[in-house]
Amino acid sequence: MREARRTFRQALAVAGLSVVVAAVVQLPLIKRFARGEFRETFFVQADYPGVRMITLAEAEDLWRAGEAAFLDARTADLYAQGHVPRALSAPAEEAEKSLPPFFERLPLTGPLVIYCEGGDCSSSLALAKLLHGRGFTDLRVFNGGWEEWEKAGLPGEKGDAQE
């Protein structure tokens, strides 16, 4: 029993030391977080009731059924290198300044699937937040993005043509 207590205390000491070392090493990141530098990348469902995250399977189903417009939030160069067929190029950074003219033709209530590179990309979420603020009510963010779409062997197009 005495040995078990000693081992437990040692484990707690190692865990505590690990937390302290991690905090010291990540101090610059912790300071940036405290200043609110990452606020735009967070997503609180209650703040954006018309936005939801979807999987590859859901995105593919919507695309195959033709039930949703697809928006590519990546840069125009990346869009031209490859994108989901029928997707419209809507670079998130440019949309913050002014929405492309085709947005006027999109229904405010119809489903819009928004994607970007995938992984850590936050452009699709930024565009979804922007569009939610402009009155769009059915926004679906495909987190896997072009990377997952392409890796799954799903169809793609190249070029910069817009509808």
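Refer to the preceding data block for the structure.
All values reported here derive from a predicted model rather than from experimental measurement.

Turning our attention to the pattern of salt bridges. Inspection of every chain in the model, using the stated rule, returns 5 salt bridges. Here R64 makes a salt bridge to E60, at a shortest N to O gap of 2.8 Å. Taken together, the positions of R64 and E60, both in helix α3 (residues 56-65) and 4 residues apart, correspond to about one turn of that helix. Between D138 and R140 there is a salt bridge, and its shortest N-O distance comes to 3.0 Å. Among the residues examined, R140 registers a relative accessible area of 14% and is labelled buried.

Below, the discussion takes up a nonpolar patch on the surface. On the surface, a nonpolar cluster with roughly 280 Å² of combined accessible area is contributed by L17, V21 and V25. Mapped onto the elements of the fold, L17 is located in helix α1 (residues 2-25).

All right, on to the packing of aromatic side chains then. All chains considered together, the criterion is met by 2 aromatic pairs. Measuring from centroid to centroid gives 5.6 Å for W63 and W149, while their planes differ by 85°, and the two rings are edge-to-face. Here W63 is found in helix α3, whereas its partner W149 is found in helix α7 (residues 145-151), with 86 residues between them in sequence. Since its relative accessible area comes to 0%, W149 is described here as buried. A connected cluster of aromatic rings, assembled from ring pairs, spans W63, F70 and W149.

Rules of the game
- Counting restarts for each chain, with residues numbered from 1 along the sequence as it is written.
- Restriction of local features to residues with pLDDT of at least 70 applies here, the model being predicted, together with a cutoff of 80 or more for giving and counting side-chain atom pairs; totals for whole chains, interfaces and linings are based on all residues.
- The basis for the side-chain values is all heavy atoms of the structure; hydrogens and waters are excluded.
- A pairing counts as a salt bridge when a side-chain nitrogen of Lys or Arg comes within 4 Å of a carboxyl oxygen of Asp or Glu.
- Helix numbers and strand numbers start at the N terminus; a helix is a DSSP run of H or I with at least 4 residues, a strand a run of E with at least 2.
- Relative accessibility decides the category of a residue: with a 1.4 Å probe and only protein chains considered, values under 20% of the type maximum give buried, values over 50% give exposed, and everything between is partly exposed.
- Patch membership requires over 30% relative accessible area and the absence of a salt bridge. Like charges are linked within 9 Å, and nonpolar side chains (Val, Leu, Ile, Met, Phe, Trp, Tyr) within 5 Å.
- Here the Shrake-Rupley method, with its probe set to 1.4 Å, supplies the accessible areas, and only the displayed protein chains count as covering residues.
- Pairing of aromatic rings covers Phe, Tyr and Trp, the last counted by its six-membered ring, and requires centre-to-centre distances within 6.5 Å; plane angles under 30 degrees mean stacked, over 60 mean edge-to-face, and any other angle means tilted.

Purely geometric numbers; function is a separate question.
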